[in-house]
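This is what each chain is made of:
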Amino acid sequence: MQKKIRSALISVFYKDGLEPLVRLLQEKGVAIYSTGGTQEFIEKLGLECIPVESVTDYPSILGGRVKTLHPKIFGGILGRRAVQQDLNEMKEYEIPEIDMVIVDLYPFEETVAQTTEEKLIIEKVDIGGPSMIRAAAKNFSDLFVIASKTDYAQAIEILSQQDGSTSLEQRKSFAAKAFEIVAHYDFAISNYFNGSNGQSFLYAVGNPHVMRYGENPHQKGIFYGQLNELFTQLNGKELSYNNLVDVDAAMHLIHEFKDEKDITFAIIKHTNVCGIASRKTTADAWKSALEGDPESAFGGVLVCTSTIDATTANLINEIFFEVLIAPAYDEAALQILTSKKNRILLEQKKDLSIGMQFKSILNGVLTQEHDMGNFAGWEEVGGRNTTPQEKEDLIFANKVCKHLKSNAIALAKNKQLIGKGCGQTSRIDSLRQSIEKAKQFNFDLTGAVLASDAFFPFDDCVKMSHAENIAAFVQPGGSIRDKDSIEYCKQNGLAMVITGLRHFRH
């Protein structure tokens, strides 16, 4: 819904870039309310301005600490134009409607960077600014809020093109920016008072849970989040820090297979996949996953895309594991699995919300999007095209490899992980590790396929794989020596697929 701006409240610390916006508002016949230094700035431009004091009947007091904190100002911002009672009260108390708020915040972070004198720093804790910004953003259905000088140019473009009007979508978008600005500002203040320990942003997550310890017994650990929104815990002890890390890895891995027709079972150890397979039945999926590396499965985290039945429960019950995650459990299966009181059984209630990733580094926080998707393309570049079975296995292996620590190699056959190498400093070492694992558990590598999380820097990987009768490869490509590996495949009748999508994981 388009709304015409007829009045605006302007109170900013930074005046640069403000003049074109103020002149545009005056040109559109907008009544401007202001105070203090902003009022002086506007009046020096030769433009009309209504002092806030003439509305509130109160001067700026307490050394400027209280200027706009008044019912007539906040009533004008928060008054709902579609609620008749609000309109009646605004009329009764002579509260002017305010359609636009242009307010920024005192330079708190800049002041902290320039001085250690607490008196100066505290005076840059803005009170009225955040309050007006939040009020205007809350009432975005009626108000247009600008909380940063970086948005002046976009606001000018909107108001110029739309004859001084804004759409609901535009107002909501600017309101979202405003809340982000205030949240960042509050975080900076909280961080200052907490001694710059970098933890203040966690308070916004809510519901902190103090754990017995962190990754190791001498480390403190706290989980911030709503675990009960994802799972119902049916049995077992409290999840530990390491359990949570592995459960997270398991959930992201199994998310890759949630829409598959076959049932997928996976085993996670220290966030890496040590066994995974897709089969027609839950029991067969479990047996094939376990066969991939029965040694590493001890003490692992198990995850499945299907209901756990009694047959599968009896098989799982034969090994020691920390956690089992499934969408449901048969009653008979629960009776079997709950025989061990510390064994953690989680019933998944909903899928993960795949958003941003956060990592604490260098006294700061690094963020990135999650690694979504498995290939940008499917370019057959080898000596022959992949067979239908090879293509199915390559897609499977590529999904698995994506969830191994780099450098990563995954060997698969008949939708079963039969060997993997991960966390090595060279790709050829990861390949050696994967071949050794496959041989350790007596897998025949003839007809197996290989997935690599990143390009082959040399042709040594395809040569070593070929010597073990591995005949199909999937990799993202991008090496200046891609042609070496491709040419070897062409000369030896091997299949190779370039996906164009790298999957580093550190």
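Heads up: the structure comes first, above all this text.
About the thresholds
Residues numbered from 1 in each chain as written. Predicted model: local features only at pLDDT ≥ 70, side-chain atom pairs only at ≥ 80, totals over all residues. Heavy atoms only, no water. 1 Å grid on protein atoms, 1.4 Å probe; cavity = no way out; pocket = protein on both sides within 12 Å on 5 of 7 lines; lining within 4 Å. Points joined across faces, edges and corners; volume = space filled by probe spheres on them. Helix = DSSP H or I, 4+ residues; strand = E, 2+ residues; numbered from the N terminus. Nonpolar A, V, L, I, M, F, W, Y, C, P; charged D, E, K, R; others polar. Pairing = 2+ DSSP bridges. Contact = heavy atoms within 4.5 Å. Axes fitted to C-alpha atoms, helices over the stretch in contact; angles between N-to-C directions. Salt bridge = Lys/Arg side-chain N within 4 Å of Asp/Glu carboxyl O. Buried < 20%, exposed > 50% of the residue type's maximum accessible area, 1.4 Å probe, protein only. Phe/Tyr/Trp six-rings, centres within 6.5 Å; stacked < 30°, edge-to-face > 60°. Lys NZ or Arg CZ within 6 Å of the ring centre and 35° of its normal. Polar contact = N/O pair within 3.5 Å; in protein donor to acceptor, adjacent residues only side chain to side chain.

(A) Just the layout of surface pockets, in detail. Its volume calculated, the second largest pocket comes out at about 520 Å³. As for the second largest pocket, its lining consists of 26 residues, of which Gly-64, Arg-65, Lys-67, Tyr-106 and Asp-126 are closest to the centre. Only helix H2 (36–44) and helix H8 (128–138) provide two or more residues apiece to the lining of the second largest pocket. Looking at the lining of the second largest pocket residue by residue, the class counts come to ten nonpolar, ten polar and six charged.

(B) Just the sheet that holds strand E6 (residues 144–146), in detail. If you walk across this open sheet you meet the five strands as E4-E3-E2-E5-E6, and the pairing is parallel. Of all strands in the sheet, those bounded by a partner on one side alone are strand E4 (50–51) and E6. Along the sheet, H2 makes contact with strand E2 (7–11), strand E3 (31–34) and E4, crossing E3 at roughly 140°.

(C) Structural context of the pattern of salt bridges. Scanning all chains against the criterion turns up 24 salt bridges. Asp-453 is the salt-bridge partner of Arg-427, the closest N and O atoms lying 2.6 Å from each other. Here Arg-427 is found in helix H16 (residues 427–440), whereas its partner Asp-453 is found in the loop between strand E21 (449–452) and helix H17 (460–467), with 26 residues between them in sequence. Across the pair, Asp-453 and Arg-427 agree in class, each one buried. Of the charged contacts in the structure, one is a salt bridge between Asp-484 and Arg-481, with a shortest N-O distance of 2.8 Å. Salt bridges here are not isolated pairs; linked through shared partners, they connect Lys-4, Lys-28 and Asp-163.

(D) Quick look at the packing of aromatic side chains. Counting across every chain of the model gives eleven aromatic pairs. The interplanar angle of 70° and the centroid separation of 6.3 Å between the aromatic rings of Phe-108 and Tyr-185 together place this pair among those described as edge-to-face. Here Tyr-185 lies in helix H10 (residues 168–193) and Phe-108 lies in helix H6 (residues 108–114), a separation of 77 residues in the sequence. Like Phe-108, the residue Tyr-185 is buried in the burial classification. Aromatic ring contacts, followed pair by pair, group Phe-108, Tyr-185, Tyr-192 and Phe-193 into a single cluster. The ring centre of Phe-257 lies 5.1 Å from the NZ or CZ of Lys-399, which sits over that ring.

(E) Highlighting the side chain of Ser-148. Position of Ser-148 among the secondary structure elements: in the loop between E6 and helix H9 (152–161). Assessed through its relative accessible area of 17%, Ser-148 is described here as buried. A polar atom in the side chain of Ser-148 sits 2.7 Å from the side chain of Thr-150. Other than its neighbours up to four places away in sequence, Ser-148 contacts Val-103 and Ile-181.

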